[in-house]
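Chain by chain, the residues run as shown.
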Amino acid sequence: MKKSKWLICALAALLLAGCSLAQPEANPAEGGDRWVGLYVVPSQGYVDHLADNPHVEEYGTFQAETDRFGTLAFPRDVLFAVEDEVGNFTFPGIRKGYSLFVYREYDPEHPGYQGGNCSVGVVSNMAPGAETTQIAYTDEGVSESASGVIYCGPPLGAEDWDPHLDNATIWRYYNVYQARDGRIYLDGSGDSVNGLMSTTRTSTRTRTEDGKTYTDSVQVSVSIEAVPRLEKLVVTQFDGQNSIVRSDDLTLREDLPEVQCEAETVWVLVEEISRDGAERTIYNVPGKDGEPVSHLVVLLDEEGLGQLAWLSVR
């Protein structure tokens with residue numbers, strides 16, 4: 001019998017013997033690991049992504065309180081993230097999800113330091129949320145917050161799709177933690193929601209340095225919003241007399257081609273065309289040394305899950 005099944009049987013036996021499992025804490029692992037955010041995984045129906053996952057490792061323990069046997073400790077299974085060369089984190093054995101977490105890059109000479117003398121990174125493949133990322137250092141402690149948006153829409157070929165009636169996606173919100181050695185992991189804790197919802201999670205903890213107590217907090221907000229399926233993306237360039245210079249119907253793909261404006265172009269019109277109509281955005285052409293325009297486009301895959309693409313105009 002595999003370990004996960006053995007553990008389920010053992011827990012069931014303890015519950016019959018009058019056991020109540022201890023509630024998970026905001027920072028559950030031994031040694032002061034931090035809760036840093038969420039990893040959201042969509043599925044059609046409930047899926048336990050850690051069950052029978054060959055990449056799961058034992059890390060610390062969790063406790064169960066029993067009337068009969070007192071406090072019992074069980075090994076805690078976690079899944080450590082893998083970071084690629086450009087700083088993207090993935091969790092092996094789990095389908096690609098949506099990340100939003102705020103982590104610390106510790107000084108090797110001070111591993112696990114919880115104060116302000118370390119750099120802070122934000123990992124997100126969500127669209128920017130209503131609130132910008134904020135990191136504040138005060139005399140009371142460190143406050144970190146981030147927000148993001150997950151987009152979804154009609155599956156490919158769906159007719160008259162209603163986001164409130166036809167959206168069968170289950171969104172699994174996994175808690176993400178950072179170990180004192182800097183590694184990122186999840187332990188399977190979290191909850192699941194269905195449909196279009198928003199959630200805000202906050203974790204606070206106290207630390208003492210040089211005899212003074214500080215309170216640090218991490219807050220992550222995620223909203224799930226519906227969008228129509230994009231059918232065409234058209235970029236039209238205009239000159240100073242508002243005459244059309246050229247118009248391009250771009251291929252819809254994750255790596256959108258860069259639009260290079262003609263010499264006489266003064267402004268551009270970006271049209272996102274779907275069954276719901278056209279959404280139009282106007283941009284002035286950036287100067288010769290100016291930053292290119294960056295326009296966010298949401299592309300839906302076959303399941304109706306949103307993927308982000310950025311249109312660059314220079």
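The structure displayed is predicted, hence computed values, not measured ones. Along every chain, residues carry numbers that run from 1 in the direction the sequence is written. With pLDDT at 70 or above as the cut-off, local features in this predicted model cover only qualifying residues; side-chain atom pairs require 80 or more to be listed or tallied, and sums for whole chains, interfaces and linings still use all residues. Only heavy atoms go into the side-chain values, all of them from the structure, while hydrogens and water stay out.

### Digging into the overall build of the protein chain
No. 1: Helix and strand definitions follow DSSP, with helices as H or I runs of at least four residues and strands as E runs of at least two, each counted in order from the N terminus. A tally of regular secondary structure across the protein chain gives 1 helix and 21 strands.
No. 2: Partly exposed describes any residue whose relative accessible area lies between the buried limit of under 20% and the exposed limit of over 50%, with all areas from a 1.4 Å probe on protein chains only and scaled to the type maximum. Counting all 314 residues of the protein chain, 44% fall into the buried class.
No. 3: Note on contacts: a residue pair qualifies if any of its non-hydrogen atoms lie within 4.5 Å across the two residues. Taking the contacts inside the protein chain whose residues are at least 6 apart along the sequence as the reference set, 60% of them involve residues at least 24 apart.
No. 4: Accessible surface is estimated by sampling points in the Shrake-Rupley manner with a 1.4 Å probe; for residues, cover comes only from the protein chains shown. Taken as a whole, the protein chain presents about 17000 Å² of accessible surface, with 49% of it coming from carbon and sulfur.

### Quick word on a negative patch on the surface
No. 1: Taken together, the side chains of Glu83, Asp84, Glu85 and Glu105 make up a negatively charged region of the molecular surface.
No. 2: One can find aspartate 84 in the loop between β5 (82-83) and β6 (89-90). To count toward a patch, a residue needs a relative accessible area over 30% and no salt bridge; like charges are then connected within 9 Å, while nonpolar side chains (Val, Leu, Ile, Met, Phe, Trp, Tyr) are connected within 5 Å. Salt-bridge detection follows one rule: a side-chain nitrogen of Lys or Arg within 4 Å of a carboxyl oxygen of Asp or Glu. Positive charge is attributed to Lys and Arg, negative charge to Asp and Glu, and no charge count is given to His or to the chain ends. Where a charge lies is defined by one atom per residue type: Lys uses NZ, Arg uses CZ, Asp uses CG and Glu uses CD.

### Looking at the pairing of strand β7 (residues 98-105)
No. 1: Burial analysis of β7 places 7 of its 8 residues in the buried class, which makes it a mostly covered element.
No. 2: In the sheet, strand β2 (residues 34-43) pairs with β7 via 4 bridges, with the strands oriented antiparallel. When the sheet's bridge partners are listed, tyrosine 39 is paired in β7 with serine 99.
No. 3: Two strands pair under a simple rule: DSSP has to find at least two bridges between them. By the bridge criterion, 6 bridges tie β7 to strand β8 (residues 119-124) in an arrangement that is antiparallel. Pairing of glutamate 105 across the sheet is with serine 119, part of β8.

### So, the nonpolar core
No. 1: What is meant by a nonpolar core is a set of buried Ala, Val, Leu, Ile, Met, Phe, Trp, Tyr and Cys residues, joined one to another through side-chain atoms within 4.5 Å. The biggest cluster of nonpolar side chains holds 24 residues, and the ones touching the most others in it are Ile150, Trp171, Tyr173 and Val222.
No. 2: Of all the secondary structure elements, the ones that give two or more residues to this core are β2, β4 (70-80), β7, β11 (142-152), β12 (170-178), β13 (184-194) and β15 (212-226).
No. 3: Take this core: its biggest share by element is 4 residues, from β15.
No. 4: Residues within four places of valine 222 in sequence aside, it is in contact with Leu38, Leu100, Met126, Gly148, Ile150, Tyr173, Met197, Ser198 and Thr199.

### Some words on the packing of aromatic side chains
No. 1: In this scheme Phe, Tyr and Trp rings, the latter by its six-membered ring, pair at centre separations within 6.5 Å, and the angle between planes marks the pair as stacked below 30 degrees, edge-to-face above 60, and tilted otherwise. According to the stated counting rule, one finds 9 aromatic pairs in the structure shown.
No. 2: Relative to tyrosine 185, the ring of phenylalanine 80 lies with its centre 5.6 Å away and its plane at 65°, an arrangement referred to as edge-to-face. Taken together, the positions of phenylalanine 80 in strand β4 and tyrosine 185 in strand β13 put the pair 105 residues apart, joining distant regions of the chain. As far as burial versus exposure is concerned, phenylalanine 80 and tyrosine 185 are alike and both buried.
No. 3: Pairing phenylalanine 89 with phenylalanine 101 gives two aromatic rings, centres 5.8 Å apart and planes at 70°, and the pair type is edge-to-face.

### Structural notes on unusual backbone geometry
No. 1: Of note, aspartate 52 is a non-glycine position whose phi angle comes to about 60°, a positive value.
No. 2: Inspection of the secondary structure puts aspartate 52 in the loop between β2 and β3 (57-66).
No. 3: Judged by relative accessible area, which is 45%, aspartate 52 ranks as partly exposed.
No. 4: Although it is not a glycine, aspartate 210 sits at a positive phi angle of roughly 55°.
No. 5: We classify aspartate 210 as exposed; its relative accessible area is 85%.

Structural measurements only, silent on function.
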